[in-house]
Each structure stands twice: as structure tokens, then as C-alpha cells.
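# Report on the structure
Here is how the chains run, residue by residue.
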Amino acid sequence: MSLPKDPFMLLSYVNTQLRDNFSSLEELASSLGVDKDVIVKTLDGAGFEYKEDLNRFAAK
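Please read these numbers as outputs of a predicted model, since none were measured by experiment. (Residues numbered from 1 in each chain as written. Predicted model: local features only at pLDDT ≥ 70, side-chain atom pairs only at ≥ 80, totals over all residues. Heavy atoms only, no water.)

## Some words on the overall build of the protein chain
- Of the regular secondary structure elements, the protein chain holds 3 helices and 2 strands.
- Across its three principal axes, the protein chain shows a C-alpha extent of roughly 25 × 25 × 15 Å.
- Long-range contacts, defined as pairs at least 24 residues apart, comprise 42% of the intrachain contacts of the protein chain with a sequence gap of at least 6.
- Accessible surface computed for the protein chain: about 3900 Å², of which carbon and sulfur atoms make up 51%.
- Each charge class in the protein chain can be summarised by its mean position, and for the 7 positive and 10 negative side chains these summaries are 5 Å apart. (Helix = DSSP H or I, 4+ residues; strand = E, 2+ residues; numbered from the N terminus. Contact = heavy atoms within 4.5 Å. Areas by Shrake-Rupley, 256 points an atom, 1.4 Å probe, with all protein chains shown as cover. Lys, Arg positive; Asp, Glu negative; His and termini not counted. Charge placed at Lys NZ, Arg CZ, Asp CG, Glu CD.)

## Focus: the packing of helix 2 (residues 25–32) against helix 3 (residues 36–45)
- Where helix 2 meets helix 3, the axes come as close as 9 Å, and the angle between the chain directions of the two elements is 115 degrees. It follows that helix 2 is roughly perpendicular to helix 3 by the angle criterion. Only Lys-36, Ile-39 and Val-40 of helix 3 make contact with helix 2, whose side of the interface consists of Leu-25, Glu-26 and Ala-29.
- Taken together, the residues that form the contact of helix 2 with helix 3 break down as 4 nonpolar, no polar and 2 charged. (Axes fitted to C-alpha atoms, helices over the stretch in contact; angles between N-to-C directions. Parallel < 35°, antiparallel > 145°, perpendicular 65-115°, else oblique. Nonpolar A, V, L, I, M, F, W, Y, C, P; charged D, E, K, R; others polar.)

## Focus on the pattern of salt bridges
- Summed over all chains, the structure comprises 4 salt bridges.
- Lys-36 serves as the salt-bridge partner of Glu-26, at 3.4 Å between the closest nitrogen and oxygen. Residue Glu-26 is located in helix 2, and its partner Lys-36 is located in helix 3; the two are separated by 10 residues in the primary sequence.
- Asp-44 is paired through a salt bridge with Lys-60; the nearest N and O atoms lie 2.3 Å apart. Pair noted here: Asp-44 is in helix 3 and Lys-60 is in the segment after strand 2 (56–59), with a separation of 16 residues, a long-range link.
- With relative accessibility at 56%, the residue Lys-60 sits in the exposed group. (Salt bridge = Lys/Arg side-chain N within 4 Å of Asp/Glu carboxyl O. Buried < 20%, exposed > 50% of the residue type's maximum accessible area, 1.4 Å probe, protein only.)

Everything listed is a geometric property; what it means functionally is a separate question.
This is how it looks when you write it as C-alpha cells:
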């Protein structure tokens, strides 16, 4: 599966997956076969950062 290109669609998809299926960003990225840094960089550019304690991306 390819990840959504739009950062807000990506945010929604990733946060839903983290909430429902994965205990960490690393686990999600590994399952999808993508580099987690790509997700982090894309969402950082849209003003979001990964909050490990919440296991989700949130506004900076």
C-alpha cells in the first residue's frame, strides 16, 4: 500500500493506524515497509510532531 501524499490525509491515516493497530511508529512503518523518517518529515512540514507518550502525531 502506498501512503497518502496529502499531509493531512497522511496524518489521519497514520493516527488511525497507531490508535487501532500499532503500539509505536516504528512498528507501523515496519509493517508498511516504509522509512519512519519519511512519515516524520512529511508531517513535520505540515506542523505536526510524533508524541511517543501519546503514540500519535499532534500539532507542534
